[in-house]
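# Examining the three-dimensional arrangement
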Amino acid sequence: QVQLVESGGGLVQPGGSLRLSCAASGSIKSINAMGWYRQYPGKQRELVASVTSGGSTNYADSVKGRFTISRDHAKNTVYLQMNSLKPEDTAIYYCRADSVVTMIHRFLQVWGRGTLVTVSS
């Protein structure tokens, strides 16, 4: 079984910064892309940022220049550095791993449980 555990969410003032972490565990041999998504109440999850196994990154227009995604392959961990946070960044942030290969199985997508980010004064 593969698990993704997010951490780093919390309350921050507008203009502040947070760093989210997502660690994958479970006899993992390889992971293709990893990414961060967010969900507003009553809305579908939307892509925030993603990074492939080769290091290619993709960002939502709304976070370009403010958020940076990075990945530690050795630790099966992905990070999201969020700077210049705005109230509209308030959401639940979810981590996702694509094409996760373990010793006995391949998972197309694995989601974390999410971490709440609140940007408010």
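Quick caveat: nothing in here was measured; it's all calculated off a predicted structure.

Position of Gly16 among the secondary structure elements: in the loop between strand 2 (10-12) and strand 3 (18-25). The class of Gly16 is buried, set by a relative accessible area of 18%. Each C-alpha atom of the pair Gly16 and Met82 lies 8.3 Å from the other, and the pair is 66 residues apart in sequence.

Turning our attention to the sheet that holds strand 8 (residues 67-72). For sheets, the rule is that strands pair by backbone hydrogen bonds, running either parallel or antiparallel. Reading across from one edge, 1-3-9-8 is the order of the four strands in this open sheet, with antiparallel pairing throughout. Of all strands in the sheet, those with a lone pairing partner are strand 1 (3-7) and strand 8, marking the two edges. When strand polarity is set aside, the average angle formed by the axes of neighbouring strands in this sheet is 15 degrees. Sheet topology note: the strand 3/strand 9 (residues 77-82) ladder contains six bridges and is antiparallel. Bridging across to strand 9, Cys22 finds its partner in Val78.

This part takes up the pairing of strand 12 (residues 115-119). The two faces of the sheet receive side chains in turn, since in a regular strand these alternate between them. Alternating positions in strand 12 separate cleanly, Thr115, Val117 and Val119 being buried on one face and Leu116 and Thr118 remaining unburied on the opposite face. Summarising the sheet, strand 2 and strand 12 pair through three bridges and their orientation is parallel. Residue pairing for strand 12: Val12 is matched across the bridge by Val119. Of the strand pairs in this sheet, strand 10 (residues 91-102) and strand 12 are connected by three bridges, and their pairing is antiparallel. By the bridge assignment, Ile92 is partnered in strand 12 with Leu116.

Okay, the nonpolar core next. The tendency in soluble globular proteins is for nonpolar side chains to be buried as a group. Formed by 31 residues in total, the largest nonpolar core has its most connected members in Trp36, Leu80, Met82 and Tyr93. Elements with a minimum of two residues in this core: strand 3, strand 4 (28-31), strand 5 (34-39), strand 6 (46-51), strand 8, strand 9, strand 10 and strand 12. Examining the composition of this core, we find that five residues originate from one element, strand 10, more than from any other. With sequence-adjacent residues up to four places away left out, Met82 is seen in contact with Gly16, Ser17, Leu18, Leu20, Arg66, Phe67, Tyr93 and Val117.

Definitions and cut-offs
Residues numbered from 1 in each chain as written. Predicted model: local features only at pLDDT ≥ 70, side-chain atom pairs only at ≥ 80, totals over all residues. Heavy atoms only, no water. Helix = DSSP H or I, 4+ residues; strand = E, 2+ residues; numbered from the N terminus. Buried < 20%, exposed > 50% of the residue type's maximum accessible area, 1.4 Å probe, protein only. Pairing = 2+ DSSP bridges. Axes fitted to C-alpha atoms, helices over the stretch in contact; angles between N-to-C directions. Core = buried A, V, L, I, M, F, W, Y, C linked by side-chain atoms within 4.5 Å. Contact = heavy atoms within 4.5 Å.

Shape is all these values report; function is a separate question.
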